Amino acid sequence: MKPSFAFDTSALISLGHTELINLIIENYNIIISKRILQELKQINKGLDRDAISAKKWLKFSKIIKLKEAKDSKIGENELFEICQREKIPMVTDDIKATKKFKNKIEWIYSVHLVFLLYYKKIISKERALFSIEKMRTERSWKDNLISVTGRILFQ
Amino acid sequence: MSTQVNVRLDDDLLNEIDSISKVLHVSRTEWLRMKIALAVKDDALKLSESIALEYAKGRISEKELRDLLGTDADDIIYIVKHMKRGKKYIEEMVGKGKL
């Protein structure tokens, strides 16, 4: 059985800027909540690069697993409940949200997932670093900090 | 407050700038001012990213990071701390065959 990760919108959008979606789906179960799906659909309506990223994920909406959680206006709150219940880690680039989780659940950044693919020899170091660089060029300064410092994972 | 700066430009470059500003319906000065502001913003961002990476690699201290980036340093320190924790988590879980 494939290991599972719960993804928030920020992580999905970051990873959607890479060419790794197929590999992530092949190797891991992608868990999201209703709110995260709504957020992806909302971003998909835009005209920017994030909309392209959201569209890529929505193509796999039949494969992505939608899990039930108490409705919340904040996607991470729903995911937090799912992660606690299912005992699975969350993938998120939302710094504010992670400060709320503290040590209550396991969580990693989107760049960690790229590192995981490299660590399991699914992709080369060069491809991993290229993917992180791609994420960096598409995201804002605060999100960039994750992909900029993510390079230390490969030291 | 603003200060006038005199810059000498090649005629060819100036002609190109004039063509662009004419199409955009802005003055040459306004176009140049906007381009310089964009270049400064872009360079400042690149510099901040380089500083963040230097800290992540352990080449500058927390104090130096704070002196250089002010309040943004807090986020960088937090991100780097959890970057290392997350790496350790992945290595452990892969080692246990759970990922």
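Basis of the calculations
- What you see as residue numbers is a count from 1 along each chain, following the sequence as written.
- Chain A is the first chain written and ligand 1 is the first ligand written, with later ones labelled in order.
- Under the rules for a predicted model, residues below a pLDDT of 70 receive no local features and side-chain atom pairs below 80 are neither given nor counted, while totals for whole chains, interfaces and linings still include all residues.
- A pair of residues counts as a contact when their C-beta atoms, built from backbone coordinates, are separated by no more than 7 Å.
- Secondary structure elements follow DSSP: runs of H or I no shorter than four residues count as helices, runs of E no shorter than two count as strands, and numbering proceeds from the N terminus.
- We call Asp, Glu, Lys and Arg charged. Ala, Val, Leu, Ile, Met, Phe, Trp, Tyr, Cys and Pro are nonpolar, and the rest, Gly among them, are polar.
- We treat two strands as partners when DSSP finds at least two bridges between them.
- A set of buried residues drawn from Ala, Val, Leu, Ile, Met, Phe, Trp, Tyr and Cys, joined through C-beta atoms within 7 Å, is what defines a nonpolar core.
- Three exposure classes are used, all based on how many other C-beta atoms lie within 10 Å of a residue's own C-beta (placed from the backbone): buried at 20 or more, exposed at 12 or fewer, and partly exposed between those limits.
- Each axis is a line fitted through C-alpha atoms, taken for helices only over the stretch in contact, and angles between the N-to-C directions span 0 to 180 degrees.
- Throughout, the term roughly parallel applies to angles under 35 degrees, roughly antiparallel to angles over 145, roughly perpendicular to angles from 65 to 115, and oblique to all others.
- A clockwise turn of the near helix away from the far one marks a right-handed crossing, whereas an anticlockwise turn of less than a right angle marks a left-handed crossing.

**Student:** Is there a simple way to think about the interface of chain B and chain A in this case?
**Tutor:** Often the size quoted for an interface is simply the accessible area lost on bringing the parts together. Between chain B and chain A, the contact holds 21 residues from the first and 22 residues from the second. Sorting the residues of the side of chain B that touches chain A by element identifies α2 (28-56) and α4 (72-95) of chain B as the ones contributing at least two each. At 13 residues, the largest contribution of residues to the side of chain B that touches chain A is made by α4(B). Per-class residue counts for the side of chain B that touches chain A are 13 nonpolar, two polar and six charged.

**Student:** I would appreciate a short explanation of the sheet that holds strand β3 (residues 65-66) of chain A in the present structure.
**Tutor:** Through backbone hydrogen bonds, the strands of a sheet pair up, either in parallel or in antiparallel fashion. Residues and elements named next belong to chain A. Strand order in the open sheet formed by five strands is β3-β2-β1-β4-β5, and the pairing between neighbours is parallel. With one partner strand each, in any of the chains shown, β3 and β5 (107-108) form the two edges of the open sheet. The sheet contact formed by strand β4 (residues 90-91) and β5 spans two bridges and is parallel. Its bridge partner being in β5, methionine 90 is matched across the sheet by tryptophan 107.

**Student:** Would you mind showing me how to read the nonpolar core here?
**Tutor:** Counting residues in each nonpolar core, the largest one holds 53 residues, and the members touching the most others are A:Ala6, A:Phe7, A:Leu113, A:Val114, A:Phe115 and A:Leu117. When sequence neighbours within four positions are dropped, the list of residues in contact with A:Val114 reads A:Leu20, A:Ala128, A:Ser131 and A:Ile132.

**Student:** Looking at this model, I keep getting lost on unusual backbone geometry. Mind explaining?
**Tutor:** A negative phi angle characterises most non-glycine residues, just as the trans form characterises most peptide bonds. With phi around 60°, A:Lys121 is a residue other than glycine that occupies positive phi space. By secondary structure assignment, the location of A:Lys121 is in the loop between α7 (110-119) and α8 (125-138).

**Student:** How do you make sense of the packing of helix α1 (residues 9-16) of chain A against helix α3 (residues 34-44) of chain A when you look at a structure like this?
**Tutor:** The geometry of a pair of packed helices is captured by two quantities: the angle between their axes and the separation between those axes. Residue and element names in this part refer to chain A. Direction vectors running N to C along α1 and α3 enclose 45°, while the axes themselves pass 10 Å from each other. The angle between the axes of α1 and α3 places the two elements in the oblique class. Our pair here, α1 against α3, has a crossing hand that is right-handed. Residue-level inspection shows Thr9, Leu12 and Ile13 of α1 in contact with α3, the latter providing Ile36, Glu39, Leu40 and Ile43.

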